[in-house]
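Overview (structure and organization)
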Amino acid sequence: MAKLHNTCACGSGIDFESCCGRYISGMQQAPTAEKLMRSRYSAYVLGDEKYLLDTWHHSTRPGALALQQDTSLKWIGLDIMVTANGLENDTEGTVEFVARYKINGKAERLHEVSRFCKEQGKWYYLDGDLKT
């Protein structure tokens, strides 16, 4: 698994260990849907398939992601556009984001509205609708 530099890849502007690192390491649970979204983006940057699958709701989770197979993909930035609900006392939330990446040197973007749910105090990614 790759290591992130000091500043967290999620775009928060703070260091990885104080930001997404504490969730990915399992030391804490992400308290909001947005923080889970940010930590999942950082996990994609790291290639941490286990964290991604662990935070994916069992009803929609794939069997595997095969992140290590695509070495031509490089994640380069995350912008959170809109969040709705998904706060500490909520049980559902959505996060609209744009994730930028390069594949074989060509810049691309993933624009999605992701749905999250909270069960037994833990946030999970449910699914998302791609935007064009």
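Quick note: structure is the one above.
Attention here is on the structure that accompanies the text.

1. Some remarks on the side chain of arginine 38
Within the secondary structure layout, arginine 38 lies in helix α2 (residues 33–46). Classification of arginine 38 as buried rests on a relative accessible area of 17%. In this structure arginine 38 touches Cys10, Gly11, Ser12, Cys20, Leu78 and Ile80, once residues within four positions along its chain are discounted.

2. Notes on the environment of lysine 118
As for its placement among the helices and strands, lysine 118 is situated in strand β3 (residues 106–119). Considered as a pair, lysine 118 and alanine 30 are 88 residues apart in the sequence and their alpha carbons are 10 Å apart. Once residues within four sequence positions are removed from consideration, lysine 118 is found in contact with Glu88, Asp90, Thr91 and Trp123. Engagement of the side chain of lysine 118 in a polar contact is seen with the backbone oxygen of glutamate 88, the distance being 2.4 Å.

The rules we used
- Residues numbered from 1 in each chain as written.
- Predicted model: local features only at pLDDT ≥ 70, side-chain atom pairs only at ≥ 80, totals over all residues.
- Heavy atoms only, no water.
- Helix = DSSP H or I, 4+ residues; strand = E, 2+ residues; numbered from the N terminus.
- Buried < 20%, exposed > 50% of the residue type's maximum accessible area, 1.4 Å probe, protein only.
- Contact = heavy atoms within 4.5 Å.
- Polar contact = N/O pair within 3.5 Å; in protein donor to acceptor, adjacent residues only side chain to side chain.

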